[in-house]
Amino acid sequence: MSAIESVLQERRVFPPPAAMTASASVPGMDAYLALVAEAERDYEGFWARLARETLTWKTPFTKVLDESNAPFYTWFEDGELNASYNSLDRHVEAGNGERVAVIFEADDGAVTPVTYSDLLGRVCRFANALKKRGIKKGDRVVIYMPMSIEGIVAMQACARIGATHSVVFGGFSSKSLNERLVDVGATALVTSDEQMRGGKALPLKSIADEALAMGGCEAVKSVIVYRRTGGKVAWDEGRDLWMHEVVANEPDTCVPEWVGAEHPLFILYTSGSTGKPKGVQHSTGGFLLWAAQTMKWTFDWKPTDIFWCTADIGWITGHSYITYGPLAMGGTQVVFEGVPTYPNAGRFWDMIARHKVNVFYTAPTAIRSLIKAAEADAKVHPKSYDLSSLRILGTVGEPINPEAWVWYHENVGGARCPIVDTWWQTETGGHMITPLPGATPLVPGSCTLPLPGITAAIVDETGQDVPNGQGGILVVKRPWPSMIRTIWGDPERFKKSYYPEELGGKLYLAGDGSVRDKETGYFTIMGRIDDVLNVSGHRLGTMEIESALVANPLVAEAAVVGRPDDTTGEAVVAFVVLKRARPQGDEAVKLANELRAWVGKEIGPIAKPKDIRFGENLPKTRSGKIMRRLLRSLAKGEAITQDVSTLENPAILEQLGESA
Ligand code: WT7
């Protein structure tokens, strides 16, 4: 296919399949537009209707949106509910206790189904155990766990007793875990002896021990350990407890703690443009409403569906579309412990075929790496598997390039499954801009249109709307129920980051650049406009990586930028000045590897720079500001077009053009 033909192909429009429209929760564009109009006509009435229909309330709310303390908006504030009751009890009470909630597949392929009744019993036992350790409503519990039933149980048990959980992804380092334990003021930590990924056992408990020993988190009185592998662990008698032992004699019932809708369900850390990660605080009512509602709309959830979201519970996608959304709907989902390439790169396709998955939700990075593997080996090509159960495909976390979209559509979806390219963020709690499978005509590479009630728009630097076809800053004009409530412990930073004065103080700033199509109004996301990178769908702050690098005793100065990457979307490139002479040849390679390992230890393996460049200096303006645009060009290997006349030592450009 010629380049021109491939561009033409990418401009194809894919209408929803007629059969899907006929049975969809939003059956066609007219139905979508009617919902949009309903929200426009009576914004609060629209959200109140959804909140009454989708959730079960202990005490009905009488207030909907309160804007009196903007931008600290509240929703359904005088209503009371419990997220765990909504996820479990109500389905058991409705007679669906024997329905499978989770089909857990371990790294080694062992499959364990868990019914709603089972899961409720396990959550209650663990909730009782937490209470026995003195953990109560409002306390913060950090969860540092592998993908497991026990991880979901821990989160749901916190929700049941009104404790606020903060899950830390199992790939984060002891230092990152320590920072989060300290910032959130945790009183308990739930972890695991080890985690299994791709046939390898990786330590968690020993990293947790290191994190606790770093200090500042003396409030952590209990460390509860799930025994996954039986690997050797150090033990602190007064503090450490085995999960299976603490639940052994607990009853399998536990009255849920009814909480106000604004009660913080969880705090999840994410990277921002400054060094310190932000603790994004979410509510109980608004968050849960949107996690469930978007299951209905975006994934057209049906009671008979087998749903599979491949994310980790350590990220927002795992919170909204594993722990809460699918369970709140009473759905059946696959939960996977392992990695897509073990025992081979056909693992996802094999699992879809064996579990007869209907709705499959994954990241573009995973798709891109599996395309490469499939092209190299027909055995792991999706066409070698029976994927006829699939109905809907989804992507999340980063832009999907049209080539990968078309491949996913044809080879995984058999050219019959709509792809929902869902744009959202840790802060938004759930999907914001996404196609609806029975309604929206799809254009590869576009996340299409905002969900009903979501007032996404594109503005210029002063907050004025820009016409379609003109790029700008992506904002959300009105508050919505599942939005971030504040940054834990730092309300000023919340205001500054998300409701900046420059835009008038009333628009939610997403941090992405975007453009709307002239004819269709469809949104395309152009990537972050701040110093945040997106590597394999993971958010990383450049300043976070820079701080990690300069913490190394060898490093005098460091600057980090992103560079487009075929597989991971973006790759981390670090420009480093050492306190000693600029290394060359083997010495440079050795030091670059040392620095990579260092960043892995400081933050986690996901933050390791792919490319490290050593220079005697960094390019700076006369006022001493690092010329980042220049560094971005150097990272891409582009010709330098910027004015470099102010550079004191232009020879460094040549040095910084060379990878170690
Ligand atoms: C950032 C949010 C969404 C949950 C997982 C990531 C980028 C997310 C898309 C998409 C293009 C996307 C944005 C956003 N992003 N989804 N469909 N198309 N870009 O959550 O770690 O909070 O990252 O991911 O840049 O701001 P997150």
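So, here's what we can say about the structure.

Cut-off values and rules
Residues numbered from 1 in each chain as written. Predicted model: local features only at pLDDT ≥ 70, side-chain atom pairs only at ≥ 80, totals over all residues. Heavy atoms only, no water. Helix = DSSP H or I, 4+ residues; strand = E, 2+ residues; numbered from the N terminus. Buried < 20%, exposed > 50% of the residue type's maximum accessible area, 1.4 Å probe, protein only. Contact = heavy atoms within 4.5 Å. Salt bridge = Lys/Arg side-chain N within 4 Å of Asp/Glu carboxyl O. Near = heavy atom within 4 Å. Polar contact = N/O pair within 3.5 Å; in protein donor to acceptor, adjacent residues only side chain to side chain. Areas by Shrake-Rupley, 256 points an atom, 1.4 Å probe, with all protein chains shown as cover.

## With respect to the environment of Leu656
For Leu656, the position within the fold is in helix H20 (residues 651–656). For Leu656, a relative accessible area of 0% corresponds to the buried category. Each C-alpha atom, one on Leu656 and one on Leu631, is 8.3 Å from the other, the two residues being 25 residues apart in sequence. Apart from residues no more than four positions distant in its own chain, Leu656 is found in contact with Phe575, Arg613, Phe614, Gly615, Asn617, Leu618, Pro619, Leu631 and Leu634.

## Considerations on the pattern of salt bridges
Within the structure shown, the criterion is met by 36 salt bridges. Close ionic contact of Lys601 with Glu210 constitutes a salt bridge, the shortest N to O distance being 3.8 Å. Residue Lys601 is found in helix H18 (residues 585–602), and its partner Glu210 is found in helix H9 (residues 205–213); the two are separated by 391 residues along the sequence. Looking at Lys601, the relative accessible area reads 55%, which means it is exposed. Connected through shared salt-bridge partners, Lys205, Asp209, Asp236, Arg239 and Asp240 make up one network.

## Focus: the site of the ligand
The immediate surroundings of the ligand are formed by 17 residues, with Asp421, Thr422, Thr426, Asp512 and Arg539 found nearest. Interatomic distance of 3.2 Å between a backbone N/O atom of Gly397 and a nitrogen atom of the ligand. Gln425 places a polar side-chain atom, nitrogen or oxygen, 2.9 Å from an oxygen atom of the ligand. Protein chains shield 95% of the accessible area of the ligand, which is 550 Å² for the free molecule.

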